[in-house]
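Analysis of the macromolecular model
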Amino acid sequence: MRVLLFSARPYDRREFTAANARIGHDLSFVEARLGAETLSLAAGYEAVCTFVNDTLDASVLRRLADGGTRLIALRCAGFNQVDVRAAAGLGLTVVRVPAYAPHAVAEHAAGLVLTLNRKFHRAYNRVRDDNFLIDGLEGFDLYGKTVGVVGAGRIGRVFVRIMLGFGFGCRVLVHDPQFCAGDACIEGASLATLPELFAAADIVSLHCPLTPETHHLIGAQALARMKPGAMLINTSRGGLLDTAAVIGALKSGHLGALGLDVYEQEGDLFYEDLSSSVVTDDVFQRLLTFPNVVVTAHQAFFTREALAAIADTTLANIAAFGAGRPIPNRVLPDLLREASVSHEGTGCAPGAAGDGVPPLGCATDGK
Ligand code: NAI
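Our subject in this report is the structure included herewith. (Residues numbered from 1 in each chain as written. Predicted model: local features only at pLDDT ≥ 70, side-chain atom pairs only at ≥ 80, totals over all residues. Heavy atoms only, no water.)

Quick notes on the overall build of the protein
Of the regular secondary structure elements, the protein holds 12 helices and 14 strands. Of all 367 residues assigned to the protein, the portion counted as buried reaches 49%. Surface summary for the protein: the accessible area is close to 16,700 Å², and the carbon and sulfur share equals 53%. (Helix = DSSP H or I, 4+ residues; strand = E, 2+ residues; numbered from the N terminus. Buried < 20%, exposed > 50% of the residue type's maximum accessible area, 1.4 Å probe, protein only. Areas by Shrake-Rupley, 256 points an atom, 1.4 Å probe, with all protein chains shown as cover.)

Side note on the site of the ligand
Around the ligand, the surrounding shell holds 27 residues, and the nearest of these are Arg154, Ile155, Asp176, Gln178 and Thr235. In this structure, Gly153 approaches the ligand through a main-chain N or O atom, which is 3.5 Å from an oxygen atom. Taking Glu213, its side chain carries an N or O atom lying 3.3 Å from a nitrogen atom of the ligand. Computed on the free molecule, the ligand has an accessible area of 870 Å², of which 91% lies beneath the protein chains in the complex. Grouping the constituent residues of the shell around the ligand by class yields 12 nonpolar, 10 polar and five charged. (Near = heavy atom within 4 Å. Polar contact = N/O pair within 3.5 Å; in protein donor to acceptor, adjacent residues only side chain to side chain. Nonpolar A, V, L, I, M, F, W, Y, C, P; charged D, E, K, R; others polar.)

Let's talk about helix H6 (residues 154-164)
Listed as buried for H6 are Gly156, Arg157, Val158, Phe159, Val160, Met163 and Leu164. Those residues of H6 that are buried are in contact with helix H4 (102-118), strand E6 (146-150), strand E7 (171-175), strand E9 (189-191) and strand E10 (203-206). (Contact = heavy atoms within 4.5 Å.)

Points about the packing of H4 against H6
The interhelical angle for the contact between H4 and H6, taken along N-to-C directions, is 50 degrees, at an axis separation of 8 Å. Looking at the two axes, H4 sits oblique to H6. The two elements H4 and H6 cross, and the hand of that crossing is right-handed. On the side of H4, the interface is formed by Pro102, His103, Val105, Ala106, Glu107, Ala109, Ala110 and Val113, while H6 contributes Arg154, Ile155, Val158, Phe159, Ile162 and Met163. (Axes fitted to C-alpha atoms, helices over the stretch in contact; angles between N-to-C directions. Parallel < 35°, antiparallel > 145°, perpendicular 65-115°, else oblique. Left-handed = near helix turned anticlockwise from the far one by under 90°.)

Considering unusual backbone geometry
For Asp130, which is not glycine, the phi torsion reads 60 degrees and is therefore positive. Within the secondary structure, Asp130 sits in the loop between helix H5 (120-128) and E6. In this structure Asp130 comes out as exposed when scored by relative accessible area, which is 59%. Even without being a glycine, Tyr271 presents a positive backbone phi close to 65 degrees.

Some words on the sheet that holds E7
Pairing in this open sheet of seven strands is parallel, and the strands run E9-E7-E6-E10-E11-E12-E13 from one edge to the other. Because the sheet does not close on itself, it has two edges, and the strands there are E9 and strand E13 (293-295). Adjacent strand axes in the sheet meet at a mean angle of 20 degrees when their direction is disregarded. The pairing of E10 with strand E11 (residues 230-234) spans four bridges and is parallel. Residue pairing in the sheet places Val204 in a bridge with Leu232 of E11. Set on the sheet, H6 makes contact with E6, E7, E9 and E10; between it and E6 the angle comes to about 175 degrees. Across the sheet, helix H9 (residues 243-252) touches strand E12 (255-260) and E13, and the angle it forms with E12 is around 135 degrees. (Pairing = 2+ DSSP bridges.)

Quick notes on the pattern of salt bridges
For the structure shown, the criterion picks out eight salt bridges. Across the pair Glu15 and Arg14 runs a salt bridge whose closest N-O atoms are separated by 3.1 Å. Note on Arg14: relative accessible area 47%, which makes it partly exposed. A salt bridge links Glu46 to Arg70; the nearest nitrogen and oxygen atoms lie 2.8 Å apart. Note that Glu46 is positioned in the loop between strand E2 (26-29) and strand E3 (47-50) and Arg70 in the loop between helix H2 (58-66) and strand E4 (71-74), a separation of 24 residues in sequence. (Salt bridge = Lys/Arg side-chain N within 4 Å of Asp/Glu carboxyl O.)

Keep in mind these values describe shape, not function.
Now the structure itself:
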């Protein structure tokens, strides 16, 4: 198939070209993001392949369909950037890569925890400046602290295991409506309601998808429920946080530290070199002024293993579509409902099969 990859960085070109040697699609790459201004590039391509910050709203999708595109191949897990219902109405097939980097993202989240706790970001700069004072770099033992994990899917489950592990030895609370209320998760993690989790956790890490229900999950009310001095980590999607409320909590000192790999308005910033420009996003710039905030630019997935898996799965999705075979990674409007499970609990269904991450094991005996 003729496929145009938007937002293609050199590493995308490298991995997709290598993986395609075994498959033989006709691949083209552009660095431009997909949006109203760049749509014309897609004319004549049966498939377009996009990443997290490409625009796939109803108007873009309509014009893609008019131009002959039949397949949208997302090379990411999240699909909040796609108007899935509009795509279905236009007869466009949408596919994604549901599981490619659970370890990469969970390890990055753990890295943010360690960085913020032990102030690696500040220590690095101090030592390079020949300032060997350690005043202000004091952290705390993670051992025995309580970690709250919101969303125990593929990534959240790996993060739970890291924090429970023999080394860190944290107590872990999990909130995920997929698990049965009243049940406990084996391996030492316990289920909690969101208010219970916020009240008890020294560290809160978000691993649920962005859906209408989880939009601004962390706002003023949730922040007020958190322990004074708690650390908040978001490697999931920027829209989970009400950034203005988070800044308020940082200013008051109630929120002790913030680690972000995602930002609600990241589409205007991330994956661009703006070092010679004036960044006009005052909210983002304010975040960067806090010594207890670390931001990475949506790189949690970015490991060799994840890039290879993304290329392999995306090309296999495209091949299945081209050959008219069933496509296991299709994004259908039903998936929106599944991703947006309610806080009330929907039954005991811990984890998807075949994603390489064993389920936490939701026990029905309360153990
Ligand atoms: P997953 O679909 O395996 O797990 C998501 C879990 O969140 C599910 O168990 C679901 O029941 C739970 N959930 C849904 N609504 C919830 C709610 N209201 N409260 C608590 N839990 C809720 O997804 P996976 O693979 O673990 O990815 C999680 C998120 O990580 C993705 O949605 C994506 O936004 C983000 N991500 C970030 C990357 C990065 O580079 N920063 C890379 C890949 C994914």
